[in-house]
Amino acid sequence: MHIRAASWLRHRLGRAVVLAYVLALFLPGPGLWLRRPHPLPLTPTHLTLHTAPLLLSLVLFSAGLQVPVRALGRLLRRPKALLAGLVLHLAIPLAVVPLVAFLLRRTPDTDGGSGLLTAMILVVAMPVAAGATVWTDKGDGDQPTMVGLVLASTLLSPLTTPLLLQTLAPLLSGGYAQTLAATGRLAEGGFALTAVVLPCAAGLLGALVLPARLLHRLQLTVTPLALTGSLLLTYVNASGALGSVLMRPRPLLFAAALAVAALVCLLSFALGRAAALVLRLEAGTASSLTLACGMNNSSASAVLITASLPDKPHLLLPVLAYGLLQKTAASRIVTRLRHGPAPSAGP
């Protein structure tokens, strides 16, 4: 039953995500309620439940639980693609964001597009999205490489995320630089550890130490819950941004958010694909590297924006746009790489 439920949902994930966005647009009330902290019953008043970080933790715990440990051992013996992916994960934001900042300064926006740029920085500074493993499966990609990149970028995020935020903050103006610095301190001080690293590490530990039969049972239970939690997290995050669209339509902001997200997404995927060609990786590994470069954990960035910038829900618009665009781009890339010629392997 659990297998059928997870398989059914996985094969309809794209349509389910679109449905979550539509619900957030026309029925944002429950999502807005879930975004608020709620006191836990029968506990001291300072203990509250934050739904979005909890859902994010569930998704990342499930990702860690699915790690093929033996395959990762083989990957560590041939770490070329893994190391290249980690370097690109840091290098691409440093190449893409200054270009986008330059283009935004040519617009009539009074703050030079710093709000949109802040959101994009928070997206590209996040680890590789766990959902990238799903697209790797669909595209016959190198699953150990992709899982390794998701895992390594997630475990390193308490170091890499604040580093990228601090490095790119001087590109912002109008108080956004200080805001991004404060967000970086939040990521460094606990968010990345408690909401990202610890759940993933707990899942990985389960994959390492649990007996095969018990691990299989746990995976059968957790996987459909995590897929459902991912959709609910999408709905909750989207409600914060889209809930006000019908009440206060801002077509120019919506168009600008879509354009900036599309540009960053396109450049990230293109640079990943170019790197795969330069490194002369085989088709499966090239697919995984390309997807890893373009697919960032937009859910984590949305949760971080909600926690650190609760008074700026409009910054979620480009994050949500990026989340949808990266899935669309991944679908096109997977189809093209699966049917296209493989890069020739190096000597």
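Residues numbered from 1 in each chain as written. Predicted model: local features only at pLDDT ≥ 70, side-chain atom pairs only at ≥ 80, totals over all residues. Heavy atoms only, no water.

### Remarks on the overall build of the protein chain
When helices and strands are tallied, the protein chain shows 15 helices and two strands. Per-residue burial over the protein chain gives 51% buried out of 347 residues. Partitioning the intrachain contacts of the protein chain with sequence separation of at least 6 by distance along the chain shows that 84% fall at a separation of at least 24. If you sum the accessible surface of the protein chain, you get close to 16,600 Å²; carbon and sulfur atoms cover 69% of it. (Helix = DSSP H or I, 4+ residues; strand = E, 2+ residues; numbered from the N terminus. Buried < 20%, exposed > 50% of the residue type's maximum accessible area, 1.4 Å probe, protein only. Contact = heavy atoms within 4.5 Å. Areas by Shrake-Rupley, 256 points an atom, 1.4 Å probe, with all protein chains shown as cover.)

### Here's the deal with the side chain of Ser 62
Tracing the backbone through its elements, the reader meets Ser 62 in helix H4 (residues 51-65). With sequence-adjacent residues up to four places away left out, Ser 62 is seen in contact with Val 222, Thr 223 and Ala 226.

### Structural notes on a nonpolar patch on the surface
Nonpolar side chains collect at one region of the surface, where Val 18, Leu 19, Val 22, Leu 23, Phe 26, Leu 27 and Leu 324 lie side by side and expose about 620 Å² of accessible area between them. Sort the elements by how many residues they give to the nonpolar patch and helix H2 (residues 13-26) lands first, with five residues. Residue placement: Leu 324 occurs in helix H15 (residues 316-339). The class of Leu 324 is partly exposed, set by a relative accessible area of 32%. (Patch = residues over 30% accessible without salt bridge, like charges linked within 9 Å, V, L, I, M, F, W, Y side chains within 5 Å. Salt bridge = Lys/Arg side-chain N within 4 Å of Asp/Glu carboxyl O.)

### Notes on the confidence of the model for the protein chain
Looking at the protein chain, pLDDT values average 80 and 83% of them are 70 or higher. Of all the helices and strands in the protein chain, helix H1 (residues 2-11) carries the lowest mean pLDDT, 61, while helix H6 (residues 80-104) carries the highest, 91. Low pLDDT, under 50, characterises residues 341-347; the predicted model gives this stretch 10 contacts beyond four residues in sequence or across chains. (pLDDT = per-residue confidence, 0-100.)

### Notes on the packing of helix H9 (residues 143-168) against helix H13 (residues 283-294)
At a closest axis distance of 8 Å, the pairing of H9 and H13 adopts a crossing angle of 25 degrees. In terms of their interaxial angle, H9 and H13 are classed as roughly parallel. At the point where H9 passes H13, the crossing takes the right-handed sense. Taking contact as the criterion, the partners of Gln 143, Thr 145, Met 146 and Leu 149 in H9 are, on H13, Thr 285, Ser 288, Leu 291 and Ala 292. Here the contact of H9 with H13 is built from residues that sort into four nonpolar, four polar and no charged. (Axes fitted to C-alpha atoms, helices over the stretch in contact; angles between N-to-C directions. Parallel < 35°, antiparallel > 145°, perpendicular 65-115°, else oblique. Left-handed = near helix turned anticlockwise from the far one by under 90°. Nonpolar A, V, L, I, M, F, W, Y, C, P; charged D, E, K, R; others polar.)

### Focus on helix H12 (residues 251-278)
Between its terminal C-alpha atoms H12 stretches 40 Å, which fits the 40 Å expected from 28 residues at 1.5 Å a residue. Taken residue by residue, H12 has Leu 253, Ala 257, Val 260, Ala 261, Val 264, Cys 265, Ser 268, Phe 269, Gly 272, Ala 275 and Ala 276 as its buried positions. Arg 280 sits one or two positions beyond H12 and adopts a positive phi of about 55 degrees. (Expected span 1.5 Å × (residues − 1).)

### Details of the environment of Arg 35
By the secondary structure assignment, Arg 35 is in helix H3 (residues 29-35). Every residue in contact with Arg 35, bar those within four places of it in the chain, is listed here: Val 236, Gly 240, Thr 306 and Leu 316.

### Side note on the nonpolar core
In terms of nonpolar packing, the biggest core is built from 94 residues, with Leu 56, Leu 117, Ile 121, Val 264, Leu 291 and Met 295 touching the most fellow members. Top element by residues in this core is H15. It accounts for 10 residues. Leave out the neighbours within four places in its chain, and Ile 121 touches Val 97, Leu 165, Leu 168, Leu 172 and Leu 180. (Core = buried A, V, L, I, M, F, W, Y, C linked by side-chain atoms within 4.5 Å.)

### Section: unusual backbone geometry
The phi dihedral of Arg 280 is positive, around 55 degrees, even though this residue is not glycine. Tracing the backbone shows Arg 280 in the loop between H12 and H13.

### Overview of the packing of H6 against H9
Remark: H6 packs on H9, axes separated minimally by 10 Å, with the N-to-C direction vectors making an angle of 35 degrees. Our pair here, H6 against H9, has a crossing hand that is right-handed. Of the residues in H9, those in contact with Ala 81, Leu 82, Gly 85, Leu 86, His 89, Leu 90, Pro 93, Leu 94 and Val 97 of H6 are Thr 145, Gly 148, Leu 149, Ala 152, Ser 153, Leu 156, Thr 160, Leu 164, Thr 167 and Leu 168. In terms of residue class, the contact of H6 with H9 is made up of 12 nonpolar, seven polar and no charged.

### Side note on the environment of Leu 23
Counting through the fold element by element, Leu 23 comes out in helix H2. The spacing of Leu 23 and Leu 242 is 219 residues in sequence and 9.6 Å in space, taken between C-alpha atoms. Those residues in contact with Leu 23 that sit more than four places away from it in its chain are Pro 28 and Tyr 235.

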